[in-house]
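Each chain, letter by letter, is given below.
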Amino acid sequence: MTGVRAIKGMHDILPDQTPTWRYLERTVADLLTAYGYREIRFPVLEFTELFKRSIGEVTDIVEKEMYTFEDRHGVSVTLRPEGTACCVRAAEEHGLLFNQVQRLWYMGPMFRYENPQKGRQRQFHQIGVEAFGMEGPDVDAELIALTARLWQQLGIAGALRLELNTIGTPESRAAYRKALLAYLEPHKDKLDADSQRRLSTNPLRILDSKDAATQALLANAPSMRDYRDAESDAHFQGLCALLDSIGVAYVVNDKLVRGLDYYSRTVFEWVTDELGAQGTVCAGGRYDGLVEQLGGRATPAVGFAMGMERLCLLLETRQPQAGSEPMPAIYCVAAGEAAQKAGFALVEQLRNLMPGVGVQLNCGGGSFKSQLKRADRSGARIALILGEDEVAQGVVNIKWLRDVDAGRQAGQQTLPMTDVQAWLSSQLADL
RNA sequence: GUGGACGUAGCUCAAUUGGUAGAGCUCAGGAUUGUGAUUCCUGCGGUCGAGGGUUCGAUCCCCUUCGUCCACCCCA
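Basis of the calculations
Residues numbered from 1 in each chain as written. Chains lettered and ligands numbered in written order. Predicted model: local features only at pLDDT ≥ 70, side-chain atom pairs only at ≥ 80, totals over all residues. Heavy atoms only, no water. Helix = DSSP H or I, 4+ residues; strand = E, 2+ residues; numbered from the N terminus. Near = heavy atom within 4 Å. Polar contact = N/O pair within 3.5 Å; in protein donor to acceptor, adjacent residues only side chain to side chain. Nonpolar A, V, L, I, M, F, W, Y, C, P; charged D, E, K, R; others polar. Salt bridge = Lys/Arg side-chain N within 4 Å of Asp/Glu carboxyl O.

Within the chain, Asn99 stands out as a residue other than glycine whose phi angle is a positive 55 degrees. By the element assignment, Asn99 lies in the loop between α4 (84-93) and β5 (102-111).

Below is the structure:
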């Protein structure tokens, strides 16, 4: 293909896939509404500064994955790589966080300049959920309970498991980082290349290295557990107790750390083994310091984001029928100029009288044969057939395309044009 | 940013030790002169990813490039 084409990593979502997307979006939106969360929408483009200050200057996202450019006035702007920072900015800017509790969600495209692979694109979509102004573990648990219920509703719960950890406060994390470094530095040569590099950039990330030798070395490393502050521990135990009380299963993974700088205390991930190397489908945590960091009044907050492409991949394998949308029930075949005209009037009238019923008119002409063929492929149950003869006599021929075995009359019947709507109503009622 | 595999018809894929390519599905038409899903026949459809090189001649060999997929890194 030589003509125009999409940018690398930017995918089209085709008609065969949109029903799955709509099903996912609808299910999530309904559930969030039921939990009392309200949708917020904000721009795709923000000042670059916002992400540098929130995600962290030395993270991979900010250092090499952002779509950053100057606008026509030379101001640096960035296509959002994630939603939390934007959500905080928007909520703070409009006073939504002042002296009040706020439950928000959003949905839309995010952009990261990475090399594409399974479950990863440069433009991808997230649904994000954020809860502001509540510091106890009850909100953390509410968010996790909500996600667990969602997997249940979507029929993909069996593919997912919950990993949970607390990374403490920034202070306790700093102390642990120091201890970890002290332990690893003498064994630097035994670490894999990436982990050696991470010693200076992000030592905590060494914990989830995939290298066997590195993992062996980590077996005797100091545990984050021993450096955590008592309050974070209590918060975490509170969260675990709430999850236990409603039967949400989890595994505590004290090597779970998240890549974004703003997290504190609770972090969690829903992971699957069915998506190749990109197993994380939904992840989040608490970020009590972020609002203040961005210039607002100190406000506790928790949130998470789920990757919609990854969820769609899971849905396609676990629930291939999910979201399939009904085809029009009626297909009107109209051969000839007069019939086309009469058919057009007929289907518009049917649409007036039976708004919920799907009606499609054959457009673009064609023989009876080819029009019937299209009627069949459209998935319609009933074909209305109009030709010169029918128009002259003011009648319509009606033919069942499906359901003949289900007690429907085979063959076709002729009805006066004026009776068609009443007949259809009676027939379609019990379908 | 790095590594591996792969780019042939709208889709899924063949073939050619270098002599300008085939099938299935789809689509259109016909057998059935006004009737779908099966069957049979016919037809439309390709600058063999792009650019350059070698050659009498390149889809095939060489170089470059772009893209896709998978993996690393990182993340949803």
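Read on for the rest.
With that out of the way, let us pick up the protein's contact with RNA strand B. Around RNA strand B, 54 residues are found, and the nearest of them are Arg112, Arg120, Arg205, Arg258 and Asp389. Looking at RNA strand B alone, sugar and phosphate atoms form 56% of those within 4 Å of the protein. Gln126 is positioned with one of its side-chain polar atoms (N or O) 2.7 Å from a sugar or linking oxygen of RNA strand B. In this structure, Gly307 approaches RNA strand B through a main-chain N or O atom, which is 3.5 Å from a sugar or linking oxygen. At eight residues, helix α13 (residues 368-377) tops the list of elements feeding residues into the surface near RNA strand B. Broken down by class, the residue content of the surface near RNA strand B amounts to 14 nonpolar, 16 polar and 24 charged.

Our focus in this paragraph is the pattern of salt bridges. Within the structure shown, the criterion is met by 19 salt bridges. With a closest N to O distance of 3.1 Å, Asp254 and Arg225 form a salt bridge. Residue Asp254 is found in the loop between β8 (251-252) and β9 (264-271), and its partner Arg225 is found in the loop between α8 (212-218) and α9 (230-246); the two are separated by 29 residues along the sequence. The closest approach of N and O atoms between Arg228 and Asp233, which form a salt bridge, is 2.9 Å. Among the charged side chains, a salt-bridge network with shared partners connects Glu46, Arg89 and Glu93.

Any functional reading would require information beyond the geometric quantities listed.
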